[in-house]
Amino acid sequence: MARELERAGLPTVQVSTMTPVAVMVGANRIVPAAGIIYPLGNADLSPEDEKALRRRIVEQALQALRTEVSRPTVFGGE
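Let me sum up the structure you'll find in this document.

About the thresholds
- Residues numbered from 1 in each chain as written.
- Predicted model: local features only at pLDDT ≥ 70, side-chain atom pairs only at ≥ 80, totals over all residues.
- Heavy atoms only, no water.
- Buried < 20%, exposed > 50% of the residue type's maximum accessible area, 1.4 Å probe, protein only.
- Helix = DSSP H or I, 4+ residues; strand = E, 2+ residues; numbered from the N terminus.
- Pairing = 2+ DSSP bridges.
- Right-handed = clockwise from strand over helix to strand, strands pointing away.
- Contact = heavy atoms within 4.5 Å.
- Axes fitted to C-alpha atoms, helices over the stretch in contact; angles between N-to-C directions.
- Core = buried A, V, L, I, M, F, W, Y, C linked by side-chain atoms within 4.5 Å.
- Salt bridge = Lys/Arg side-chain N within 4 Å of Asp/Glu carboxyl O.

Okay, the pairing of strand 2 (residues 29-32) next. Of the two faces of strand 2, the one lined by Arg 29 and Val 31 and the one lined by Ile 30 and Pro 32 are each fully buried. Alignment of strand 1 (residues 14-16) against strand 2, held across three bridges, turns out to be parallel. Across the sheet, Ser 16 pairs through a bridge with Pro 32, a residue of strand 2. Following the backbone out of strand 1, through helix 2 (residues 19-24) and into the adjacent parallel strand 2, one traces a crossover that is right-handed. As defined by bridge partners, strand 2 adjoins strand 3 (residues 73-74) across two bridges and the pair is classed as parallel.

Okay, here's the thing in structure tokens:
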């Protein structure tokens, strides 16, 4: 779906726990997720730490949207 949105001129970011698969299917902008069960969080963290984790992932995604790419690119990660 991300490829079709990009083709229509809408930049997209795929937040994925399986970045190699996202690269393989041709997603242009990829941000690694926190985990499979909680892609944008971590239930084992304190509320403050989880909020910081979510903020970091969203900020990486926003930075990826502002970045011009010509091939699959992974942003951030740990």
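Once you've had a look at it, read on.
Ordered in space as 1-2-3, the three strands form an open sheet in which the pairing is parallel. Edge strands, defined here as strands with exactly one partner in the open sheet, are strand 1 and strand 3. Sheet strands touched by helix 3 (residues 47-66): strand 1 and strand 2. Its angle to strand 2, the strand with the most contacts, is close to 165 degrees.

If you trace the backbone, Arg 56 turns up in helix 3. Put simply, Arg 56 and Gly 76 are 20 residues apart on the chain and 9.1 Å apart in space, counted from C-alpha to C-alpha.

On to the nonpolar core, then. In this structure, Val 31, Leu 53, Ile 57, Ala 61, Ala 64, Val 69 and Phe 75 together form the largest nonpolar core, which totals seven residues. Top contributing element to this core by residue count: helix 3, with four residues. Those residues in contact with Val 69 that sit more than four places away from it in its chain are Asn 28, Arg 29 and Phe 75.

For the coordinates displayed, the defined rule picks out four salt bridges. The partner of Glu 4 in a salt bridge is Arg 7, with the nearest N and O atoms 2.8 Å apart. Highlighted residues: Glu 4 and Arg 7, both in helix 1 (residues 2-7), separated by three residues, approximately one helical turn. The exposure class assigned to Arg 7 is exposed, which follows from its relative accessible area of 58%. Arg 29 serves as the salt-bridge partner of Glu 6, at 2.5 Å between the closest nitrogen and oxygen. With Glu 6 in helix 1 and Arg 29 in strand 2, this pair connects stretches of sequence that are 23 residues apart.

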